[in-house]
Structures are given as C-alpha cells and as structure tokens.
Amino acid sequence: MLNRRSFLNQSSLLSLSPFIPGFLSQTAHASKASKDDRILVVIQLDGGNDGLNTVIPFADEIYAKYRDKLRIDKKEIIKLNDSLGLHPGMKDVGKLFDNNQLAIVPGVGYPNPNRSHFRSMAIWHSARLDPTDHTGQGWIGRACDQQQKSGNATPDAVFVGDSTIPAAIIGRRTNSIALNKEEEFMLVSNLAAPDKPVSGDDLQSFVQSTVNSSYTAAKQFAESTKNRSFDKGGYPNYRLARKLHLISRIIRLNSGTRIFYVSQPGYDTHSMQKNTHARLLAEFSRSLKAFLVDIKKAGFSDRIMVMAFSEFGRRVKENASVGTDHGTSGPVFIAGEMVNAGVLSKYPSLEDLQDGDLKSTIDFRSIYTSLLTDWLNIDATVPLGGAFKSLRVVS
C-alpha cells in the first residue's frame, strides 16, 4: 500500500509535475537544510580548450616557435609570475589571482590520453580510464551516493543548461535534475495554486501539501526578482553568466543542494581560433568574477568553490587553418575565497613533447581527491575507483 513513507522513497515532485522543480518544495522548508554545507560549482569548457594560449609560458622562446599567427603578444599577457601569464581576455580572472581567490593547475591530464571529445569527456566525468567502466555514472554522482539520506527530496546536483545532464553528476541513487532558465520558475509562480486536499486522505493531503509548497517556493523565487539589490554584482550579458546568475539565486534559496554544474561550449577551435578563443575566455573570465562577487554579497562566499576544466588541451603547434587540433593536457582553474591560491603544478615542458602534445604533469584525479575530501568532506576512494595523491586545492 502506498503511504507517505513509500511515496517519499519512490517518487519525486518531478514525477508528479514535469514543470515543478522538485527541490523548490524543500526550499519552502529551508530550515531543514544545513547552512554549513559547502557547495561545489563545476564549469565545463566544452570542446577542448587551448591551454597553451590560456595560461601562457611567455618566457619560453619555444612558445613563439610553435605559435606563429596565434601567438599572444608578450606585452598584452596578464603576468602571473616571471614565466607564466594569462590570455589578455582574462583580466577578471587575473584579478581573482591577485586577490588570492584563484588556483591555476597547469598540465592536467591522465595516462594514455585520448583525443576523442566523447572518450576524453567520459574519462573526466567518470574518473575511470577503462571504457568498460564508462557506465553513465560519474565521480560526483558516486560521491553523492555516499551521502544519501532516506526521505531527502532535495536534489543532490543541479545542472543548469538545455542539454543532457552530464554523467559526472549521475549516480546510482543520486537525485540530479536539469534546469534551463529563470522562466521555468516564473511559470510555476504564475499558475493558480492547486485545490485544497480532500479531507481524510492522508497521502493525497501530503502530496497536495508538497505541491502547494512548491508553488509557495516558486512565488518566493518570483518575489526575489523584485529585489534587485543582490543583482549589483554586474553580470555581463553572456549565456554562461546568465546560467551562473541562476545558480546564485538558487543557492540563495538555501535549498541544501551541494553540487551545481554548467557548461560553456565552443572551445573546439580548429580554424581561425584567435578571436573566437579570446571571446570565450573573456566570457568565462567576466562571468566567473561576477558570480563570485554576487555570492560574496549574498554572504555565501566561504561556502562556494568553483572548478573549471576542459576535456583536453590543444596540440602545441598551430595548424594551417590558423587554429589548433585536439591535444592532451591543459589547465584547470579552482576559484573561491577558500582556495589554496597560486600556480599549483609544474608547467609542461615545450621541449619534451609527446607526439607533439604537452605531457601532463598532474593527474586530474588528484584535484578531484582534494575537492571531495578537503572541500565536500566525502571519502574519494569509491567515487574515483582508488586512492590518488591529493593536490591541495583547499586552503
């Protein structure tokens, strides 16, 4: 017999109504969510970012040899130290670095790198190298599986975007949902509230009450849009910025969700790369800075850590189409007030290449290990399929 308990165990609001985000019901009971839970936001740079022109080894003369038309002028580079600098489009990220809110990890990769978008992303998502282990579950999803609590309707992970939920946040029991834009909340808030429950039917009363809570929370979200005081973070008009803005507003609802995931497409720059890459990095840089400023104003800055990665870097030598082809290792960015700021790994040698690619100097699972254990306080062994030496990215 279906009762309240079995309903909680077997159903979600999403199954009741596809246009009512299930976690909103939990936000109506925000006191149940722990305010001390730390949050991880992942930004996926889709397509394979050209790490060599993102974190630039400007002091190495070999850089100019490989990058004739795509070379970034040394005078324009945002200097990090005497040998490395950022692309000039990343001024805001440079400010985060100067303010000790950014860790840069160059040369991140894995053994026997794969230049296929699909295969390499599957490796990053699953934290597994063997294709037979790419079962659709990911490192974050497996981590959330270990934190499951009976009867908890709050989503463990929220993907903001209009594509398929990334495998990284899918687990066996993890509740991951996808949202696209603010209008989905506003639609709910504008609908008429459901009728009153029929008296004497406990389950129906419970379901009705839960749905009513969703409407209440949606209306609270809608009301929050009238208070623009928290919008002074100055989000630029980029798609990535709008996604991060929506994440910020969900975080403010204190729903209890600890994982947020978003992607920025366009990094597969095989031809005429220079302007496209500059635009993408500027959008990423300005959006990330705006998000962190906004979060700080909201009082959540000590609870937020952001990781940005791409499935691989590009080849060292530019191609004949003034672009770059699929490579191997690349930089990872970790941002937030609690980050162990600085350049945290050795930059790959431009003299000692592997089939024209940068050799990785650190395994990406070392970063995952620190994020899981030091930030989210979750044992990383099971999600990553083994123990990996941690690169301390949390201060």
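Computed from a prediction, not measured in an experiment: that's the story for all the values here. (Residues numbered from 1 in each chain as written. Predicted model: local features only at pLDDT ≥ 70, side-chain atom pairs only at ≥ 80, totals over all residues. Heavy atoms only, no water.)

Draft legend 1. Fine view of the nonpolar core. In terms of nonpolar packing, the biggest core is built from 57 residues, with Ile43, Phe284 and Phe291 touching the most fellow members. Examining the composition of this core, we find that 8 residues originate from one element, helix α11 (residues 273-298), more than from any other. If sequence neighbours within four positions are ignored, isoleucine 43 has contacts with Leu240, Leu244, Val262, Phe284, Leu288, Val306, Met307, Ala308 and Phe309. Among the nonpolar cores identified, the runner-up in size contains 41 residues, and Trp139, Ala143, Cys144 and Ile259 belong to it. (Core = buried A, V, L, I, M, F, W, Y, C linked by side-chain atoms within 4.5 Å. Buried < 20%, exposed > 50% of the residue type's maximum accessible area, 1.4 Å probe, protein only. Helix = DSSP H or I, 4+ residues; strand = E, 2+ residues; numbered from the N terminus. Contact = heavy atoms within 4.5 Å.)

Draft legend 2. Representation of helix α12 (residues 364-375) within the structure. In this model α12 runs 16 Å from its N-terminal to its C-terminal C-alpha over 12 residues, within 8% of the 16 Å that 1.5 Å per residue would give. Here α12 lies mainly inside the structure; 10 of its 12 residues are buried. Turning to α12, its buried residues are Phe364, Arg365, Ser366, Ile367, Tyr368, Thr369, Ser370, Leu371, Leu372 and Trp375. (Expected span 1.5 Å × (residues − 1).)

Draft legend 3. Geometry of the packing of helix α10 (residues 239-252) against α11. Where α10 meets α11, the axes come as close as 9 Å, and the angle between the chain directions of the two elements is 15°. Looking at the two axes, α10 sits roughly parallel to α11. Judged by the twist between their axes, the crossing of α10 over α11 is right-handed. In contact with Leu240, Ala241, Leu244, His245, Ile247, Ser248, Ile251 and Arg252 of α10, α11 contributes Glu283, Phe284, Ser287, Leu288, Phe291, Asp294, Ile295 and Ala298. Split into classes, the residues belonging to the contact of α10 with α11 amount to 10 nonpolar, 3 polar and 3 charged. (Axes fitted to C-alpha atoms, helices over the stretch in contact; angles between N-to-C directions. Parallel < 35°, antiparallel > 145°, perpendicular 65-115°, else oblique. Left-handed = near helix turned anticlockwise from the far one by under 90°. Nonpolar A, V, L, I, M, F, W, Y, C, P; charged D, E, K, R; others polar.)

Draft legend 4. The arrangement of the sheet that holds strand β2 (residues 55-56) in detail. Taken together, the 3 strands give an open sheet; going across it, the order is β2-β4-β3, and neighbouring strands pair in antiparallel fashion. Looking at which strands have only one partner, the edges of the open sheet turn out to be β2 and β3 (78-79). Note that β2 and strand β4 (residues 85-86) share 2 bridges and pair antiparallel. By the bridge assignment, valine 55 is partnered in β4 with leucine 86. (Pairing = 2+ DSSP bridges.)

Keep in mind these numbers describe shape, not what the thing actually does.
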